[in-house]
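Below, each chain spelled out in residue letters.
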Amino acid sequence: MELCIDFGGSEIKLGILHRGAPAHTEAIPTGADDLARVADAARTLIDAAATAPQSVGIAVPGVVDRTAGRLVKAHDKHPHLSGLDLIAWADSSFDLPATVENDARAALVGETATGSASGARNAVLMTLGTGIGTAAVIDGVLLRGAHDHAGILGGHLTVDINAALCNCGNVGCAESIAGAWAIRRDLATRGDAITDVREMVAAAVAGDTAAAALFDRAVRAWGATVVSLCHAYDPEVVILSGGIMRAGSVIAAPIEAYVREHLWTSSHRPAFVIPDRPDLSVLRGLSVLAAENHP
Ligand SMILES: [Zn+2]
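Every value quoted in this text rests on a predicted model; they were computed, and no experiment measured them.

Caption draft 1: Seen up close, unusual backbone geometry. One non-glycine residue, Arg19, adopts positive backbone phi at about 45 degrees. The residue Arg19 is located in the loop between β2 (11–18) and β3 (21–29) in this model.

Caption draft 2: Molecular detail of the coordination of the zinc ion. Around the zinc ion, the protein contributes the donor atoms His156 (ND1), Cys166 (SG), Cys168 (SG) and Cys173 (SG), at 2.0 to 2.4 Å from the metal centre. One can describe the donor arrangement at the zinc ion as tetrahedral, given that its four donor atoms subtend angles of 106 to 116 degrees at the metal. Look at where the donors of the zinc ion fall in the sequence and you get H-x9-C-x1-C-x4-C. With His156 in the loop between β10 (141–142) and α4 (174–178) and Cys173 in the loop between β10 and α4, the pair connects residues that are 17 residues apart, well separated along the chain.

Caption draft 3: Here's a closer look at the environment of Val197. Locating Val197 in the fold gives a position in helix α6 (residues 197–205). For Val197, a relative accessible area of 5% corresponds to the buried category. Counting along the chain gives 18 residues from Val197 to Phe215, while the straight-line C-alpha distance between them is 8.4 Å. Those residues within four positions of Val197 in sequence are excluded, and the remaining contacts are Ala180, Ile183, Trp222 and Ile244.

Caption draft 4: Seen up close, the environment of Ile46. With respect to the element layout, Ile46 can be found in helix α1 (residues 34–49). Taking the C-alpha atoms as reference points, Ile46 and Arg66, separated by 20 residues in sequence, lie 25 Å from one another. Here Ile46 is in contact with Leu3, Ile16, Thr51 and Pro53, once residues within four sequence places are set aside.

Caption draft 5: Expanded view of the sheet that holds strand β1 (residues 2–7). Taken in spatial order, the five strands make up an open sheet running β3-β2-β1-β4-β7, and their pairing is mixed. With one partner strand each, in any of the chains shown, β3 and β7 (98–102) form the two edges of the open sheet. Each adjacent strand pair in this sheet contributes to an overall mean axis angle of 15 degrees, direction not counted. Pairing between β2 and β3: eight bridges, direction antiparallel.

Caption draft 6: Summary view of the pairing of strand β11 (residues 237–241). With respect to burial, β11 is a largely interior element, five of its five residues being buried. The two faces of β11 match: Val237, Ile239 and Ser241 on one face and Val238 and Leu240 on the other face are all buried. Strand direction decides the pairing type here: strand β8 (residues 123–128) and β11, joined by five bridges, are parallel. When the sheet's bridge partners are listed, Leu125 is paired in β11 with Ile239. Where β11 meets strand β12 (residues 271–273), three bridges bridge the pair, whose relative direction is parallel. What sits directly across from Ile239, in β12, is Val273. Note on the crossover from β11 through helix α8 (residues 249–262) to β12: the handedness is right-handed.

So, how was this worked out
Residues numbered from 1 in each chain as written. Predicted model: local features only at pLDDT ≥ 70, side-chain atom pairs only at ≥ 80, totals over all residues. Heavy atoms only, no water. Helix = DSSP H or I, 4+ residues; strand = E, 2+ residues; numbered from the N terminus. Donors = N, O, S within 2.8 Å, 3.2 Å for Na, K, Ca; no water. Tetrahedral: all angles 85-135°; square planar, octahedral: opposite > 155°, others 65-115°. Buried < 20%, exposed > 50% of the residue type's maximum accessible area, 1.4 Å probe, protein only. Contact = heavy atoms within 4.5 Å. Pairing = 2+ DSSP bridges. Axes fitted to C-alpha atoms, helices over the stretch in contact; angles between N-to-C directions. Right-handed = clockwise from strand over helix to strand, strands pointing away.

Written as structure tokens, this is what we have:
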């Protein structure tokens, strides 16, 4: 069994899983004292599961140094985790070995190992949560690169060179236009009664023209990101995951339509899948990765 912890942008998910299969899960809100609360919540979960996990998987929404077990950079997300030795934290908190991974990369492992794209050897994933996470696997090899940055910065591909600077330093990143934090920022700037992505989508579907314009802009940014991922990595399947994808086809269908319209003409048209439980993709992948740490 594996204890898995997903430090998401708005909540932290915890789970006891067995090689990708969830047994017990729960979520707690993010806060300034995350690590102490997570350790307490994890011990309660372990007691409730009446089983002893053999390893720990930890996901963070940014670039990780897996060897050092550290979050290297995650602009504006979990700043108190930055540089912290999470392997040492897991050792002192649970007396267990730990694996630390980028959250989108973990989600891709979860979905290709046991989930919605089970067995896929060429796949890309875009996860829509507080930010936009991406990951890619080519010929069965998870992309990591020389410094663990490969594949995971798709949310920071430029989709509008005339847009403002992103918090990462690049211009017109998809995340700075259509990440949930950016959409919430734009709604607040307008003084809109709608405050989050789900409300925006529901209002757009109900015929609110201002919400529909914002939704359309977000769809084009999400779609342009997937087009670029397909051009770069030539996947057979595109996985759309993350908390926002709990809305399902109302978001996935226009993204898929945008991608099919704009792909390089001879490109293979990939299948699109949404996990049954997009909120659990990361935990399931962490479980698979952490299981490599025990017999
Ligand atoms: Zn950026």
